[in-house]
Amino acid sequence: MTVISGIPTRPNPAVFTLTPDDTARIDAAARALCGTLPEVDDPRWVAAARSAWEELPAPLRRTAREFRRHSGASGALLVRGLPVDAATLPPTPNVKGSVQRGVSVPAAVLLMTACGLGDPAAFRAEKSGALVQDVVPVPGQETFQGNAGSVALMMHNENAFHEHRPDHVMLLCLRADHESEAGLRTAGIREALPLLPPAVVEALSSPEFSTQPPPSFGAGDEATPAHPVLFGDPQDPDIRVDFAATTGLSPRAEDALRTLEKALDDVSYTHRLAAGDLAIVDNRVTLHGRTAFTPRYDGNDRWLQRTFVMTDLRRSRGFRPQDGYILTR
């Protein structure tokens, strides 16, 4: 283990590297998909992406299927070698709320993979409900605890406040930051649970916590009803927490949060993403965050694209008009 900026890091726990032939096959499928319709958010394009997924290399499809069934001890998977040509990319966007509406090879890769894991989904209140969202530094937002910032991003489950949180978060690297300082951090409850005393687990399993919506939703002071942080099977619990937005409603709950944060730090991994790397995080059991980095705002800053996945889209049917992919509340 090494320590970077006071944060313990470990090597990537699960890595799947594509062969050059498989990369070329994925690139061809993505380009064919881009020739069908002009809009990423068009349900017909999503349907085409679902069909195209079946044409992708069997090793990738098998790896995604196995990860969906059980995401392993770390709850994170890094796929390397996807078709992203950083040299042909446009300048990195640097405006708040940037998204990918037009078709592109990276967007096709994300949507095809999302359909292999479940279904893509987005939230109308965040990034205007785009299925493919830019994660880029924005001038003036450096200290923002969200995807537009560049300070250390605290560990969190994506949209921990929401009843229908994504099951998986996918982050595809289009361009690394200049100094390769930025690291995606992940930490899973499966590895942290043995480090927690029984009294802490008991507190975390009680409905003594409240979580505010993240600033990216543009929400006010509204918070969730009281909820537990750990729930489900006591031997393999799910986790629901955002250390920037979750508060304990009792002294023991606050103490338990601090103990949990330390345990997760102790088992965390740091992933240095390069162009063509796709990180898939099981949002049910694993948190993610980011180390700090220094943007230059010169068109070559760090650029990730993000898509959320739900493995059972039906659960959120009442939130999605016309059975679409966008949750409106």
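As a reminder, the structure under discussion sits directly above these lines.
What comes next concerns the included structure. A quick note: this is a predicted structure, and the numbers were derived from the prediction, not measured.

We now examine the overall build of the protein. Helix and strand content of the protein: 7 helices and 18 strands. Computed over its C-alpha atoms, the radius of gyration of the protein comes to 19 Å, within 12% of the 20 Å expected for a compact globule of 329 residues. Within the protein, the fraction of its 329 residues that count as buried is 57%. In the protein, the share of contacts with a sequence separation of at least 24, taken over all contacts with a separation of at least 6, comes to 80%. Counting every atom, the protein has about 13,400 Å² of accessible surface; 53% of that belongs to carbon and sulfur. Distance from the positive charge centre (34 side chains) to the negative charge centre (40 side chains) of the protein: 3 Å.

Residues V79, L111 and M112 are the most contacted members of the largest nonpolar core, which totals 64 residues. In terms of residues, this core owes the most to one element, helix α4 (residues 105–117), which gives 10 residues. If we skip the residues at most four places from it in the chain, M112 touches I26, A29, A30, L33, A49, A52, W53 and L56. Membership of the second largest hydrophobic core comes to 24 residues, among which are F209, L230, F243 and A256.

Our next topic: the packing of aromatic side chains. Applying the stated criterion across every chain, the model contains 1 aromatic pair. Look at F123 and F308: their rings are 6.1 Å apart centre to centre, the planes differ by 65°, and that puts the pair in the edge-to-face class. Of this pair, F123 sits in strand β5 (residues 119–123) while F308 sits in strand β17 (residues 303–310); the two residues are 185 residues apart in sequence, bridging distant segments of the chain. Assigned by exposure class, F123 and F308 land together as buried. Across the ring face of F319, the terminal group of R329 is positioned such that the distance to the ring centre comes to 4.1 Å.

Under the criterion given, the structure shown has 17 salt bridges. A salt bridge links D323 to R320, with the shortest nitrogen-to-oxygen separation between them at 2.8 Å. With a relative accessible area of 44%, D323 lands in the partly exposed category. On the basis of relative accessible area, R320 is assigned to the buried category, the value being 1%. Here the salt bridges do not stand alone but share partners, grouping E126, E158 and R306 into one network.

Okay, the side chain of S104 next. On the secondary structure map, S104 appears in the loop between β4 (76–80) and α4. Residue classification places S104 among the buried positions, given a relative accessible area of 17%. Of the polar contacts made by the side chain of S104, one reaches the backbone nitrogen of A107; its length is 3.2 Å.

Okay, the sheet that holds strand β14 (residues 269–271) next. The strands that make up a sheet pair up through hydrogen bonds in the backbone, lying either parallel or antiparallel. The strand order β7-β16-β9-β14 describes an open sheet built from 4 strands, whose pairing is antiparallel. Strands at the two margins of the open sheet, each flanked by one partner only, are β7 (153–156) and β14. The average undirected angle you get between the axes of adjacent strands in this sheet is 20°. Pairing of strand β9 (residues 184–188) with β14 involves 3 bridges; the strand directions are antiparallel. Each bridged residue has a counterpart across the sheet, and for R185 the counterpart in β14 is T270.

The subject of this paragraph is the environment of S71. Relative to the helices and strands, S71 is located in the loop between α3 (58–69) and β4. On the accessibility criterion, S71 (6% relative accessible area) is buried. Distance from S71 to V285, taken between C-alpha atoms, is 8.7 Å for residues 214 residues apart in sequence. In this structure, S71 is in contact with A76, R190, D282 and V285, ignoring residues within four places of it in sequence. At 2.7 Å, the side chain of S71 and the side chain of D282 are in polar contact.

The next subject is helix α2 (residues 43–53). Buried residues of α2: W45, V46, A49, A52 and W53, and no others. Summarising the axial view, the buried residues of α2 lie within an arc of 115°, below the 170-degree limit, and thus occupy one face. Buried residues along α2 sit against α1 (20–34), α3, α4 and β5.

Looking now at α4. With 13 residues, α4 should reach 18 Å at 1.5 Å per residue; the first-to-last C-alpha distance of 19 Å fits that figure. Taken across its 13 residues, α4 has 13 buried, putting it largely inside the fold. Between the side-chain oxygen of the N-cap and the backbone nitrogen of A107 there are 3.2 Å, and the N-cap of α4 in question is S104.

This part takes up unusual backbone geometry. The phi angle at S128 is positive, at roughly 55°, despite the residue not being glycine. Within the secondary structure, S128 sits in the loop between β5 and β6 (133–135). Under the relative-accessibility criterion, S128 is labelled partly exposed at 37%. Of note in the backbone geometry, Y297 takes a positive phi value of approximately 55° without being a glycine. Tracing the chain through its elements places Y297 in the loop between β16 (286–290) and β17.

Before going further, it helps to spend a moment on the packing of α2 against α4. Two elements in contact, α2 and α4, have axes separated by 8 Å at closest approach and are oriented at 70°. The angle between the axes of α2 and α4 places the two elements in the roughly perpendicular class. Across the interface between the two elements, W45, V46, A49, R50, A52 and W53 from α2 touch A107, A108, L111, M112, T113, C115 and G116 from α4. When its residues are assigned to classes, the contact of α2 with α4 shows 10 nonpolar, 2 polar and 1 charged.

Cut-offs applied
Residues numbered from 1 in each chain as written. Predicted model: local features only at pLDDT ≥ 70, side-chain atom pairs only at ≥ 80, totals over all residues. Heavy atoms only, no water. Helix = DSSP H or I, 4+ residues; strand = E, 2+ residues; numbered from the N terminus. Rg over C-alpha atoms; globule rule 2.2 N^0.38 Å. Buried < 20%, exposed > 50% of the residue type's maximum accessible area, 1.4 Å probe, protein only. Contact = heavy atoms within 4.5 Å. Areas by Shrake-Rupley, 256 points an atom, 1.4 Å probe, with all protein chains shown as cover. Lys, Arg positive; Asp, Glu negative; His and termini not counted. Charge placed at Lys NZ, Arg CZ, Asp CG, Glu CD. Core = buried A, V, L, I, M, F, W, Y, C linked by side-chain atoms within 4.5 Å. Phe/Tyr/Trp six-rings, centres within 6.5 Å; stacked < 30°, edge-to-face > 60°. Lys NZ or Arg CZ within 6 Å of the ring centre and 35° of its normal. Salt bridge = Lys/Arg side-chain N within 4 Å of Asp/Glu carboxyl O. Polar contact = N/O pair within 3.5 Å; in protein donor to acceptor, adjacent residues only side chain to side chain. Pairing = 2+ DSSP bridges. Axes fitted to C-alpha atoms, helices over the stretch in contact; angles between N-to-C directions. Arc of directions from axis to C-beta. Expected span 1.5 Å × (residues − 1). Parallel < 35°, antiparallel > 145°, perpendicular 65-115°, else oblique. Nonpolar A, V, L, I, M, F, W, Y, C, P; charged D, E, K, R; others polar.

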